[in-house]
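Listed below, chain by chain, are the residues.
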Amino acid sequence: MTVALRVNGEDVRIDVTDRTLLIHALRDHLRLTGAHMGCDTSQCGACTVLVDGVAVKSCAMLAGQADGCEVVTIEGLARDGALHPMQAAFAEHHGLQCGFCTPGMIMLGIDLVRRRGAADEATVRSELAGNLCRCTGYQNIVKAIAAGARDMAGAA
Amino acid sequence: MGRNFGRPVRRLEDGRFIQGNGRFVDDVILPRQTYAAFVRSPYAHARITGLDAAPALQMPGVVRVMTAADLAGAPDMPCGWMIHSRDGAEMKVGSRPLLASDTVRYVGEPVAVVVAESRDQARDAAEAVAVDYDELPVVVDCGDAMAPGMPQLHPAISDNLAYDWELGDEAAVDAALAVAAHRVELTLRNNRLIPNAMEPRACNADWDAQDEKLTVWMTHQNPFGMRTLYSAYYGLAAEHSLRIVSPDVGGGFGAKAPNYPEEVVVAFAAKLVRRPVKWTADRTEAFLTDAHGRDHLTTATLGLDAEGRFLALKVDTIANMGGYLSTTGSLIPTYMYGTMLSGQYVIPAIHCRTRAVYTNTCPVDAYRGAGRPEAAYVVERIVNVAARAIGVDQAEIRRRNFIRDFPYQTPVLFEYDSGDYEGSLNQALALSDYAGFPARKAEAAARGKLRGIGVAAYVEACGIGPSAILAKLGGGAGMWDSAEVRVNPVGTVEVLSGAHSHGQGHATTLAQLVADRFGVPIESIRIVQGDTDRIQAGTGTYGSRASVGMSATFNACEKIIAKGRRICAHLLQVPEDSVRFADGVFASAATNKTIPFGEMAAAAHAANAFPTREIEPGLVESSFFDPPNFTYPSGVYVAEVEIDPLTGVTEVAAFSAADDFGIIANPMIVEGQIHGGLTQGIGQALWEECRYDPDTAQLITASYLDYGMPRADGLPEFRLAFGCAPSPSNPLGMKGCGEAGAIGSPPAVINAICDALAIDHLDMPARPEKVWRLLHPKAAG
Ligand code: FES
Ligand code: FES
C-alpha cells in the first residue's frame, strides 16, 4: 500500500505492507534513523516521534495509520543549523551518555511542554515513566527537560 | 587541572546524538542487504530429535536456512579464562556449539537461522522451521545444581560442577574464627540481573569474495578481541582482511563484551549467501540471550575480636554459570570476586571458595561491576550484621577497621594502590547529614513510615592488568591498551584509540587530555575508535578501564612532544636539552624565539630545517600501555529509605555518594557515570530480578512488563562528592568510575532497609510483597 505523509516538512509517499510499523517506515524506507527501536512491547520510548503534534511511540502505530499525518522526528527539530531548545538543553545538562534513548527523550520532552508547560522536576519524573534510559540514571535527563521547558517558554 | 582536563567540558559527541545523526549498527543498510532471524529453542533442556527446514524454504523471500550442519568444522564457543579447581584440575567446559544440533540447555538457545530479503520475511520463515524436541528435566537454582538426582547438563561433567576454586588460607581463617570473640554468619543471594542496554545487540556482516575480506558491523565493547577471535579462532577471514566496525554503541554494561554465537553465525551466513546479512535482536531476544549478571548463593562468616576488629572472613559461594561458560564467565566469581573480599578493611585472614555450576539458564558473564559488586555485597552486608550483633554503629565499625596505609597487600592476592577511606566516610556522613538521621526517623515515624539509613563502603579493581600477571591467573589475552597520535601538517590531531566508548564520552575526555598536552584548541582534535581498519589494536572498554587507554594516549603525546623538542632544537639552533614545551609553545632559555605547536607540526612535515637522517619527517607516535597494577577506586555511600508498612513499598528518600576516583578528567561525565551506576544498583536492590520458572526454566521476566527496570519516577536526586587519592599505577593518577555506583549502592540500600525493619537480612530485590510479608508475618498466605 502507498502511504502519504508529511515528514519534517516534506511530503513523501512510501510503499509499505499493511503490517509495516511507522518506526520501520521512518527508519528503513525514509532512512530517518534517529528514532530507535528499544523494545517490542511499547515500553521504552526510544521510538517516540510527533504525529500531528502529539508524541507517539512509533513502534505502536502502523505506517498505514499515519496516512495523511504530519510527522516530526528528531531530525526535523533543528532549524537552519540552530538547535531546538530541548536539544540544546540535553547537551548542556549532560542528559545523554550512549545517546540511544536520547531522540525519544527529546521528543517526549517537547510533548511534555505542550501538555504541561514549564513543568517542575517532580512532574518531569512522573511523565518520564514510559521512557527508559539505562545509562544516565535520569537525573540529568530530568534537569535537561526542565531546563529545555524553561527555554521553550522563554523562546515562545 | 588544565584548560580542559579536569573541567566539565561539554561533550563533543553530543551534536550527532541530539539531532538523530548517531550511527548505530541497525542504522546501516548495505546494498543487496538480507536479514537474519534465529530459530530458538522454546525449551530449557531438550534433545533435538528432528529439524525440517523445508517449510521455511518455501516461504516468500527466503534466501537460505542454516543449521549446525552448515557450520560443520566451526569450533565450539570458547571460554576465555581458564580456572583451576582447588585440586589442580582444569575447569570443565561444557561444549557449546554455535547452533545447537543435539541438545539445548536454555530457553532461547539458537538452533537455526533464516536469511531472507526482509526482516519480516525472515521472522515469518523462522517460525516455519519445524524442530522436534524431547523435553528433559531442568535445574534452575544454583543451590540445587549439585544435589544428587538433579538433571545433568553436560556429559562427563558430574554434579553440574564447572570448577571448585579457592583463594586464601583456609586453615588460618578457621583458626582465627575458632578463637574470635564474636562470630556472625550470613547466607545471602545476589540476584540474577539482565543487563538491558537500550540498544539491542546487532550485527551486519558483508563478505567481499573478490578481496576475501569480511566486514562485520557489530555493536560491541571490544571490536579488536572480536577480530582476533573471528580470524584466528573461527577462520572467517585472515586477520588483515577482517574488519570489525563498532560504531556508536547504545550502552554495553558488560553484556556487549562477550563473544556470542549469533554474530558469528551471521558472519558465516554472509560468506555462504555472498550478500550482506543483518541481524538485530528484538528485546525479547535480548532478555533471553544477552549474558546475564550476578546470581550467587553465598554463606559468609566473619570473626571479630572483643573491640569489634575483624579477624577473619570465610566465604563459600555457588555461582550460576547458566547452560554454558560465557567468554569471561569463569573469571567473574573467582579473580574478580574472591580478590575483593577484603573490602576497605584490614582482615588478617580471608578464604573464599567458589563452586561454579551449570543450570538451564542463559549463560552468565560480566555485568557492570562483574564480581566486585557481589564481593562488596557480601562484605558490606556481613559488616552490618556484625555491627548489629555487637551493638556498634555501622559507620563506627567501618572506621575501626579501615585500611590506612598504602600500598596495602590483602590476603587475597591484590595490592591496593592508594585510598583515603576515612576521608570518604567523613564526606559521605556530612553529605547525608548522618548525625541528623534520628530526627528524620522520628519525623517519618510520626507519618507512619519506617525510615532507615544504610552505610556501605566499597573498593573495586579497575583497569585490569598487567598482562603477565593475568596470564598466570588464567587469562588468555594481553590487557594493555593502545593509542596512535597523528599530528597533521597544520597541527590538527587525530587520536586512534584502542578503547571504545559506548556512552562514556571518550571523544571528549581524550580530546581534553590531548588539547591540554599540546596546548591546542579542543576543536582541532578528533578521536577515532571502534574500527579495526583504522586502529591496529586495542582492548576496548569494560571494567572501567579507560585509564589504560588514556595512559597510552598520554604516553604517545609525550613521544610527540619529545620529537617536537628535537625538531625545535634545530629550528631554534639551540641544544636539545634546553628546549622546553609548555602551554603549546616550544622555547629555550638560549633564545628569545619560540615555536608554537602548530608551527612545529608544519616543520616536521616540511622536513627542510632538520637533518632527516637523524630525525624522520612526519609526526605520528603510538604507545601501548600495560598497567603495572589494577587501580583501586573506592567510596562510601549512604542510603536513606522510607518504607510504607501498609504496602511494603520502599522509597529511596536520599542517597549520598562520596567516591575517590583519583584524578578526574571531566567531573560532569564522572557524575553521569555515578548517576547511572547508582541507578542500576538501586534497581538491583529494589526492583530488578531475573526469574525463571523453577519447573520449566522458562524465563518469566522477559519483557519490560515483567522485569523491574529503574524509571525516572522512583529515584531520589543523588548527592555526590569526590575525594582524590591519585593512583600510582598510571601516569595520570586516574582510577576509573564506570562501575562504582553499581557496586556500592545495593548494600547501602539493603543496609538501610534492614535498619528500618530492625532485621539482619533480606534478599534483593526488596519488592513490596517481600517487605510486607516480613512486616505482617501472621497474614494469610
Ligand atoms: S520501541 Fe517503541 S516503545 Fe520501545
Ligand atoms: S543515554 Fe544510553 S540509554 Fe539513555
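Residues numbered from 1 in each chain as written. Chains lettered and ligands numbered in written order. Predicted model: local features only at pLDDT ≥ 70, side-chain atom pairs only at ≥ 80, totals over all residues. Heavy atoms only, no water.

A.B. asks: When you look at the interface of chain A and chain B in this model, what are you seeing that I'm missing?
C.D. replies: When the parts come together, some accessible area is lost, and that loss is often what is quoted as the size of the interface. The partner chain B presents 54 residues to the 47 residues of chain A that form the contact. Summed over both partners, the interface of chain A with chain B buries about 4200 Å², with 51% contributed by carbon and sulfur atoms. Taken together, the links from chain A to chain B amount to eight salt bridges. When the shortest N-O distance is used, the salt bridge between B:Glu688 and A:Arg134 registers 2.8 Å. Across the chain A-chain B interface, the total number found is 26 residue pairs in polar contact (both at pLDDT 80 or more). (Contact = heavy atoms within 4.5 Å. Buried area = accessible area lost by both parts, 1.4 Å probe. Salt bridge = Lys/Arg side-chain N within 4 Å of Asp/Glu carboxyl O. Polar contact = N/O pair within 3.5 Å; in protein donor to acceptor, adjacent residues only side chain to side chain.)

A.B. asks: Help me out: how do you make sense of the pattern of salt bridges in this one?
C.D. replies: Two side chains that carry opposite charge are able to pair once their charged atoms sit near each other. This model, assessed by the stated rule, comprises 59 salt bridges over all chains. The salt bridge involving B:Asp124 is made with A:Arg19; its shortest N-O contact spans 2.7 Å. Of the two residues, B:Asp124 sits in helix α3 (residues 119-128) while A:Arg19 sits in the loop between β2 (10-15) and α1 (22-29), which places them in two different chains. Given a relative accessible area of 40%, A:Arg19 falls into the partly exposed group. Residue B:Asp70 pairs with B:Arg64 through a salt bridge whose shortest N-O separation is 2.9 Å. Taking the relative accessible area as the measure of exposure, B:Arg64 reaches 28% and is therefore partly exposed. A network of salt bridges, in which partner residues are shared, links B:Arg86, B:Asp164, B:Glu166, B:Glu170, B:Asp174, B:Lys314 and B:Arg353. (Helix = DSSP H or I, 4+ residues; strand = E, 2+ residues; numbered from the N terminus. Buried < 20%, exposed > 50% of the residue type's maximum accessible area, 1.4 Å probe, protein only.)

A.B. asks: Sorry if this is basic, but what is going on with the domain arrangement of chain A here?
C.D. replies: Residues and elements named next belong to chain A. As far as domains go, chain A holds domain 1 (2-76) and domain 2 (85-155). Averaged C-alpha coordinates put domain 1 and domain 2 at centres separated by 21 Å. Opposite the 18 residues of domain 1 that make contact, domain 2 presents 14 residues. Together, the buried faces of domain 1 and domain 2 total about 1200 Å²; carbon and sulfur atoms form 64% of this surface. Three residues stand out in domain 1 for area buried against domain 2, namely His-36, Thr-48 and Ile-74, and they jointly supply 39% of the buried area on that side. The interface formed by domain 1 and domain 2 includes zero salt bridges. Applying the counting rule to domain 1 against domain 2 returns six residue pairs in polar contact (both at pLDDT 80 or more). Sorting the residues of the side of domain 1 that touches domain 2 by element identifies β3 (48-51) and β4 (54-57) as the ones contributing at least two each. Residue composition of the side of domain 1 that touches domain 2, by class: nine nonpolar, eight polar and one charged. (Domains from an automatic or database assignment. Nonpolar A, V, L, I, M, F, W, Y, C, P; charged D, E, K, R; others polar.)

A.B. asks: Would you explain the packing of helix α13 (residues 506-518) of chain B against helix α14 (residues 546-572) of chain B in this entry?
C.D. replies: All names here are of chain B. Where α13 contacts α14, the axes come no closer than 10 Å and their chain directions differ by 25 degrees. In terms of axis orientation, α13 runs roughly parallel to α14. Judged by the twist between their axes, the crossing of α13 over α14 is right-handed. Residues His-506, Thr-509, Leu-510, Leu-513, Val-514, Arg-517 and Phe-518 of α13 pack against Ala-546, Gly-549, Met-550, Thr-553, Phe-554, Cys-557, Glu-558, Ile-560 and Ile-561 of α14. By residue class, the composition of the contact of α13 with α14 is ten nonpolar, four polar and two charged. (Axes fitted to C-alpha atoms, helices over the stretch in contact; angles between N-to-C directions. Parallel < 35°, antiparallel > 145°, perpendicular 65-115°, else oblique. Left-handed = near helix turned anticlockwise from the far one by under 90°.)

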